[in-house]
Amino acid sequence: MFSMETYFLKHEDILGFYERIDQEYQLLVPTKITAPLALKCESGINLPTDDYLLKHYSQLKKEEVAFNDYRCVEPIRTYFTHFKEEVCSYFPNDEKQETQTKPFAISGVKNCDLFSLKIQDFVFLGGNEPDTLYTQRREGALIISSDCPHFKEACFCRAFGIDPYPQEGFDFNLSALTHGYLVDVGSPKAKSLVQALKEILVPATSGQLSGRATKRDGVVKHLDEHLLYHKIPAKETLQDIVRHGFDSSLWQEQIQTCVECGGCVFMCDTCHCFLLADQPEGENAKRIRIWDGCLYKNFTRVAGGANPLKMRYMRLRNRYLKKFDFFIDTIGYQACCGCGRCIEVCPGRIDIRHILRRLYEEKNLQVKESA
Amino acid sequence: MNKMSTSSHTEKNIYQPFEATVVDIKEETPTIKTVVLKIRSNFSFRTGQFIEMTVPGLGEAPFTPSSDPGVKTSIEVTIMKVGMVTEKIHGLQKEDTVGIRGPYGKGYPLDKFKGKDVVIVGGGVGLAPLRSLLLSLFSDIDNYRSICLRYGARTPADVIYKELLPEWAKKKKVDVVTTVDIGDPSWKGNVGLVTTILKDLPVDMKQAVAVVCGPPIMMKFVTLKLLDIGFKPADIYLSMEKSMSCGVGKCGHCRVGKFYACKDGPVFTYEELKDIHDIWD
């Protein structure tokens, strides 16, 4: 059993920490994108609107390296299965071995992202047929997660009992304190780097640890206040309400503004569907894996013409059944981490929080009527 | 860009097809052909499992082999021309190379059929996977009470395995009845939907199972008919046709309730499916 150690890292040493990691890994770190317009928040709580995007540390100026207060724009899965990539070539089968490149490290991963990685792991590492590319990247990657000192309007992790600070599933975790960071060392892989960082890492004091606990409690309290406004049903009710809502008119009502852009599925960190497509390449051919999405018209269409999800409302409903029925049946928890990326990306303003609340209300209203 | 796994040579790339050579092509109907493939020696499949067949540079599609799994040197796949990949397959010539991945899925649970009357109901090209099942049953016929094949096609021209059907009918313990939805002057047999030849099956309902494969609408009405004549939902085996890309439960296309047709099926009992919405669509 690996026992976690926690160190303190001074603010001015964070670049030294990154520098050291970038020697062994291709390090990605968050940079800030300032939002030009302030967003009016319906819950009445004043919330930040800036965004963060991951970029290669080696290509950034030092002042561009940021600590992200909440999750980055892009779903973390994009580093483990690329949007479009070659998975093999044939014939003859490509036996070439890739020249060993440095594995990557990602800083700025949040607890919602770590929850999503559990879903991706289940899909791509699970079963008798693990995906080799995913396995290779997942085993090679160094995950540097961090606590969220703030949250965005769309954040709702706590609605599903996911805390805005990681406690497992990372190699390093950073918690920002006033004068520096607490650094949790969460894996043997991370521990092997500590020796080389010993000049900047000092054991954390109990005062620092309790300071972190107070900060974490503060963020949770603040986020819970925000979520009170949205009345998102508890995770224990999710499977029931989506099943009960199968014949609800809600799906048809909510799909009205959908333009089938696929934004919700591509920005989703727990979505995993893909399509294999082949292309000729000289005498050879290559096989490409491309992310696919169940909101698209031909997602379930077979060559013979049958399509179980021919209407748009069926596809919206299918997305919820997959996330809140299939996954709860299959692995015991929902395929939604509450990151809110689908809410922010949707040009039709289709809001998962709203749909879940409505499903909950419909079920309970009907139960009351029949009682 | 990462291209292939570097972890080890032994680790299998699940998307990689292996080569197979076309050794024969038989025309079954104007839109259906049976392709005979010579494959590498260590490939084998259980009846009812499916493969992904690649047309190099174009793409792949799922098919259940129609040949006897006992034959190890080649497989046969009976394919209807319905889309981009199948159209190219229909244009294949002898000696052409295709790709194969698989086999995938669970296949028919032959153990559960042992000692029973096995009613096999096929519609159109849906007889293809059932032929593989029939050949498996024939090769071990002493272990089954009887085999009762009921086959329907749209018109006489759409009937596949025209030469094989009369041969099968001559086998011991095998009863074959065919029908067409719309007859023509040359057709002397039954005319009507396949459900019309499911009356008075020469089987003991207490120890019979039914296996159905065909277009979705046919599967629906055959299932309802079978229930009507006394089959239990757990004794009706259905081949679910779903969009499948990866074959290994990752790409997400073939979800049916809590199942993926590719890894949990493609054969399901009606008992497993009956509470799932819209299974016939």
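Predicted model, so just to flag it, every value in this text is computed and none were measured.

Analysis parameters
Residues numbered from 1 in each chain as written. Chains lettered and ligands numbered in written order. Predicted model: local features only at pLDDT ≥ 70, side-chain atom pairs only at ≥ 80, totals over all residues. Helix = DSSP H or I, 4+ residues; strand = E, 2+ residues; numbered from the N terminus. Rg over C-alpha atoms; globule rule 2.2 N^0.38 Å. Buried ≥ 20, exposed ≤ 12 C-beta atoms within 10 Å, placed from the backbone. Contact = placed C-beta atoms within 7 Å. Nonpolar A, V, L, I, M, F, W, Y, C, P; charged D, E, K, R; others polar. Domains from an automatic or database assignment.

### Some remarks on the overall build of chain A
Along chain A, the regular secondary structure elements total 11 helices and 11 strands. For 371 residues, the compact-globule estimate of 2.2 N^0.38 gives 21 Å, and chain A sits close to it at 22 Å. If you line up chain A on its principal axes, its C-alpha atoms span 65 × 60 × 45 Å. The burial tally for chain A puts 44% of its 371 residues in the buried class. Put simply, of all contacts in chain A between residues at least 6 apart along the chain, 75% involve residues at least 24 apart.

### Examining the interface of chain A and chain B
Every contact between the two is made by 43 residues of chain A and, on the other side, 43 residues of chain B. Residue assignment for the side of chain A that touches chain B shows that the elements contributing at least two residues are strand S4 (84-90), helix H2 (111-124), helix H3 (132-140), strand S10 (274-281), strand S11 (284-291) and helix H9 (312-331) of chain A. Considering each element in turn, the side of chain A that touches chain B owes the most residues, seven residues, to S10(A). Of the residues belonging to the side of chain A that touches chain B, the class tally is 21 nonpolar, 11 polar and 11 charged.

### Comments concerning the domain arrangement of chain A
All names here are of chain A. For chain A, the domain assignment lists domain 1 (5-230) and domain 2 (238-370). A separation of 26 Å is found between the C-alpha centroids of domain 1 and domain 2. If you look at the interface, domain 1 gives 29 residues, while domain 2 gives 27 residues. Where the side of domain 1 that touches domain 2 is concerned, the elements lending two or more residues are S4 and H2. Broken down by element, the side of domain 1 that touches domain 2 gets its largest block of residues, eight residues, from H2. Here the residues of the side of domain 1 that touches domain 2 are counted per class, giving 18 nonpolar, four polar and seven charged.

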